[in-house]
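# A structural walkthrough
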Amino acid sequence: MLDQVINYPLDIGLEVPLVLLMLVALEAVLSADNAIALAAIARGLEDKKMQRSALNFGLIAAYFLRITLILTATWVVRFWQFELLGAAYLLWLVFDYFSSDEDEEHHHHGRKYNSLWQAIPIIAVTDLAFSLDSVTTAIAISDETWLVITGGTIGVLTLRFLAGLFIRLLKEYVHLEDAGYVTVGFVGLRLLLRAIKPELVPPDLLMVAAIALIFIWGFSKRTEDESLVQSETKD
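In this report, we go over the structure that sits alongside the text. (Residues numbered from 1 in each chain as written. Predicted model: local features only at pLDDT ≥ 70, side-chain atom pairs only at ≥ 80, totals over all residues. Heavy atoms only, no water.)

The next subject is the nonpolar core. Ranked by internal contacts, the top residues of the largest apolar core, which has 53 residues, are Leu-38, Leu-55, Leu-90, Phe-166 and Leu-176. When residues in this core are grouped by element, the largest group, 10 residues, is from helix α7 (residues 145-172). Contacts of Leu-176, omitting those with residues within four sequence positions, involve Ile-36, Phe-166, Leu-169, Leu-170, Phe-215, Gly-218 and Phe-219. (Core = buried A, V, L, I, M, F, W, Y, C linked by side-chain atoms within 4.5 Å. Buried < 20%, exposed > 50% of the residue type's maximum accessible area, 1.4 Å probe, protein only. Helix = DSSP H or I, 4+ residues; strand = E, 2+ residues; numbered from the N terminus. Contact = heavy atoms within 4.5 Å.)

Right under this line is the structure:
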């Protein structure tokens, strides 16, 4: 596959930009729940500069893991164990979040991290688990590796922007973090079904519709602490 990336003739016709547009749109749709999960992980660091650094370094590591996954995708898809591991990890994230202690308003909060280097590996591995779903779908759309890599590159840049945005929005909307982890659970269950019973995997359109409904609920209620929202917006 690496030879295909290096030696692919650049015959850019109408089909190439259309496929690339589809891949970018796919990454954007599948990045929303991923971005909330990464934002929630970064929020486990108290300092805002550390949060930004964790996202930057974590997604740089995640990018190289994605490229590795894309270049080995035809080999990886032969082994259902990879999807099972990804599903188990994502479902563990969901369990860990919803079993965490609640605050006085009965809201869950993610783990706290004492250092930057605790959060970076978690961000990278979490994105890799999500990539098992998005890369498999992208490969189904196009078998041209360089196109999938281009779409994945744009996807990581989009993910960084969305995660930075969601760090602020998570404090502004009461249900958004819960909604994000519910959708993480959806992705985990989808990977689990793909690993053990592929014929039961729901259609992509149904998955997108379900995630959209959960996000509508996530954005349905603003926090009552306006001073917190204003200070977070200024940052």
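Let us look at helix α5 (residues 80-98). One turn of the α-helix equals 3.6 residues, which is why residues spaced by three or four share an orientation. With 19 residues, α5 should reach 27 Å at 1.5 Å per residue; the first-to-last C-alpha distance of 27 Å fits that figure. Listed as buried for α5 are Glu-83, Gly-86, Ala-87, Tyr-89, Leu-90, Leu-93, Val-94, Asp-96 and Tyr-97. (Expected span 1.5 Å × (residues − 1).)

On to the packing of helix α3 (residues 48-71) against α7. Their axes nearest at 10 Å, the elements α3 and α7 cross at an angle of 160°. The orientation of α3 with respect to α7, classified from their angle, is roughly antiparallel. The interaxial crossing formed by α3 with α7 has right-handed handedness. Counted together, Gln-51, Arg-52, Leu-55, Asn-56, Leu-59, Tyr-63, Arg-66, Ile-67, Ile-70 and Leu-71 of α3 and Thr-145, Val-148, Ile-149, Gly-152, Thr-153, Val-156, Leu-159, Arg-160, Ala-163, Gly-164 and Ile-167 of α7 form the full contact between these two elements. Across the contact of α3 with α7, the residue classes tally to 12 nonpolar, six polar and three charged. (Axes fitted to C-alpha atoms, helices over the stretch in contact; angles between N-to-C directions. Parallel < 35°, antiparallel > 145°, perpendicular 65-115°, else oblique. Left-handed = near helix turned anticlockwise from the far one by under 90°. Nonpolar A, V, L, I, M, F, W, Y, C, P; charged D, E, K, R; others polar.)

A few words now on α3. Over its 24 residues, α3 runs 35 Å from end to end, which matches the ideal 34 Å to within 8%, given 1.5 Å per residue. Buried within α3 we find Gln-51, Ala-54, Leu-55, Gly-58, Leu-59, Ala-62, Arg-66, Ile-67, Leu-69 and Ile-70. Between the side-chain oxygen at the start of α3 and the backbone nitrogen of Lys-49 there is a gap of 3.1 Å, and the oxygen is on Asp-47. (Polar contact = N/O pair within 3.5 Å; in protein donor to acceptor, adjacent residues only side chain to side chain.)

With that settled, consider the packing of α5 against helix α8 (residues 176-196). For any two helices packed against each other, one specifies the crossing angle of their axes together with the interaxial distance. The N-to-C vectors of α5 and α8 enclose an angle of 155°; their axes lie 8 Å apart at closest approach. Here α8 runs roughly antiparallel to α5, going by the angle between their axes. Between α5 and α8 lies a crossing of left-handed hand. Residues that form the contact of α5 with α8 fall into these classes: 17 nonpolar, three polar and four charged.

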